[in-house]
Amino acid sequence: MEQAYGAGKAGGTFDPITFFRQPQIILRIVSWIFSIVIFGCIANEGYVNRPDEVEEHCIFNRNQNACNYAVGMGSLAFLCCAAFMALDVYFPQISSVKDRKKAVLADIGVSAFWSFVWFVGFCFLANQWQVAKPQDNPLKEGGDAARAAITFAFFSIFTWGVLTFLALERLKKVSFEEEYNKLFTPHTSPPFV
């Protein structure tokens, strides 16, 4: 059975060493860790209160939306990284060039979306941290967690951006496979009648 150009390993065995050395896998793992740090920092230390209060408020200018955004987007990015890592494991098994192209286009769209989401998140969190009043947090609790969330949101812009670029490069290869298959399809001779 002939396979698509570039899909020669379809049906082959999984090599974890080769898999984890791929740049997109390394970046996905880094993005996955960044998302854990972001939502973990805010979920653990992102809510503080004054000594005379019982109810805790978001450390980012008492704006509940800032903490909700960081926790929500961090946990969704975590799940998204896990899903696309599973797709990366499965990708060599996909023998159809059209299905490969759909997977790569989904990767481009999702990676670009997350890069934008983290840009918005970085701007939002940094702004809310900048305008936060010191009297709202007199014991200075959670400041390191807030700064870590802002920092890793900033780094996530670039990791997801590079993932978008790598997916675009992968799209070029898959598009080449598609054109190659159109040009060099094996022609069978008509049956004798």
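Going by the structure above, here's the rest.
This text gives an overview of the structure that appears in the document. Just so we're clear, the structure is a prediction, and the values are computed from it rather than from any experiment.

## Points about the pattern of salt bridges
Side-chain pairs of opposite charge can arise where the charged atoms are in close proximity.
So, step 1. On inspection of all chains with the given rule, the structure shows six salt bridges.
So, step 2. Close ionic contact of Asp 144 with Arg 147 constitutes a salt bridge, the shortest N to O distance being 2.8 Å. Linking Asp 144 with Arg 147, this pair stays in helix 5 (residues 143-183), spanning three residues, or about one helical turn.
So, step 3. Its salt-bridge partner being Glu 169, residue Lys 172 comes within 3.3 Å of it at the nearest N-O pair. Of this pair, Lys 172 and Glu 169 both sit in helix 5, separated by three residues, roughly a single helical turn.
So, step 4. Lys 172 sits in the exposed class, given a relative accessible area of 55%.
So, step 5. For Glu 169, a relative accessible area of 29% gives the class partly exposed.
So, step 6. A network of salt bridges, in which partner residues are shared, links Arg 28, Asp 88, Asp 107 and Arg 170.

## Observations concerning the side chain of Ser 31
So, step 1. Within the secondary structure, Ser 31 is located in helix 2 (residues 23-45).
So, step 2. Not counting the four nearest positions on each side in its chain, Ser 31 is found in contact with Cys 81, Thr 159, Trp 160 and Leu 163.

## Some thoughts on a nonpolar patch on the surface
So, step 1. Taken together, the side chains of Phe 116, Phe 119 and Val 120 define a hydrophobic patch exposed on the protein surface, amounting to about 290 Å² of accessible area.
So, step 2. The residue Val 120 is located in helix 4 (residues 97-130) in this model.

## Overview of helix 3 (residues 64-90)
So, step 1. Between its first and last C-alpha, helix 3 extends 39 Å over 27 residues, near the 39 Å set by a 1.5 Å rise per residue.
So, step 2. Inspection of helix 3 places Ala 66, Cys 67, Ala 70, Gly 74, Ala 77, Cys 80, Cys 81, Phe 84, Met 85 and Asp 88 among the buried residues, and these make up the whole buried set.
So, step 3. For helix 3, the side-chain oxygen to backbone nitrogen distance between the N-cap and Asn 65 is 3.0 Å, and the N-cap itself is Asn 63.

## Side note on the packing of helix 2 against helix 3
So, step 1. Between helix 2 and helix 3, whose axes approach to 8 Å, the crossing angle comes to 155°. Between helix 2 and helix 3, the angle is such that the two are roughly antiparallel. In this structure, the crossing between helix 2 and helix 3 has a hand that is left-handed. For the pair formed by helix 2 and helix 3, the contact residues are Gln 24, Ile 25, Arg 28, Ile 29, Ser 31, Trp 32, Ser 35, Ile 36, Ile 38, Phe 39, Ile 42 and Ala 43 on the first element and Cys 67, Ala 70, Val 71, Gly 74, Ser 75, Ala 77, Phe 78, Cys 81, Ala 82, Phe 84, Met 85 and Asp 88 on the second.
So, step 2. Residues of the contact of helix 2 with helix 3, tallied by class, amount to 17 nonpolar, five polar and two charged.

## Notes on unusual backbone geometry
So, step 1. The backbone phi angle of Asn 61 is positive, close to 55°, even though this residue is not glycine.
So, step 2. Checked against the element boundaries, Asn 61 lands in the loop between strand 2 (57-58) and helix 3.
So, step 3. Backbone geometry places Arg 62, a non-glycine residue, at a positive phi of 55°.
So, step 4. With respect to the element layout, Arg 62 can be found in the loop between strand 2 and helix 3.
So, step 5. Assessed through its relative accessible area of 25%, Arg 62 is described here as partly exposed.

## Comments concerning the state of the cysteines
Disulfide: a covalent bond formed between the sulfur atoms of two cysteine residues.
So, step 1. In total, this model carries one disulfide according to the counting rule given.
So, step 2. Note that Cys 58 is cross-linked by a disulfide to Cys 67, the S-S spacing being 2.0 Å. Measuring handedness by torsion sign, the sulfur bridge of Cys 58 and Cys 67 sits at about 85° and is right-handed.
So, step 3. Assessed through its relative accessible area of 0%, Cys 67 is described here as buried.
So, step 4. Counting only cysteine sulfurs, Cys 81 is the nearest neighbor of Cys 80, a cysteine outside any disulfide, at a range of 6.3 Å.
So, step 5. You can call Cys 80 buried: its relative accessible area is 13%.

Conventions we followed
Residues numbered from 1 in each chain as written. Predicted model: local features only at pLDDT ≥ 70, side-chain atom pairs only at ≥ 80, totals over all residues. Heavy atoms only, no water. Salt bridge = Lys/Arg side-chain N within 4 Å of Asp/Glu carboxyl O. Helix = DSSP H or I, 4+ residues; strand = E, 2+ residues; numbered from the N terminus. Buried < 20%, exposed > 50% of the residue type's maximum accessible area, 1.4 Å probe, protein only. Contact = heavy atoms within 4.5 Å. Patch = residues over 30% accessible without salt bridge, like charges linked within 9 Å, V, L, I, M, F, W, Y side chains within 5 Å. Areas by Shrake-Rupley, 256 points an atom, 1.4 Å probe, with all protein chains shown as cover. Expected span 1.5 Å × (residues − 1). Polar contact = N/O pair within 3.5 Å; in protein donor to acceptor, adjacent residues only side chain to side chain. Axes fitted to C-alpha atoms, helices over the stretch in contact; angles between N-to-C directions. Parallel < 35°, antiparallel > 145°, perpendicular 65-115°, else oblique. Left-handed = near helix turned anticlockwise from the far one by under 90°. Nonpolar A, V, L, I, M, F, W, Y, C, P; charged D, E, K, R; others polar. Disulfide = S-S within 2.5 Å.

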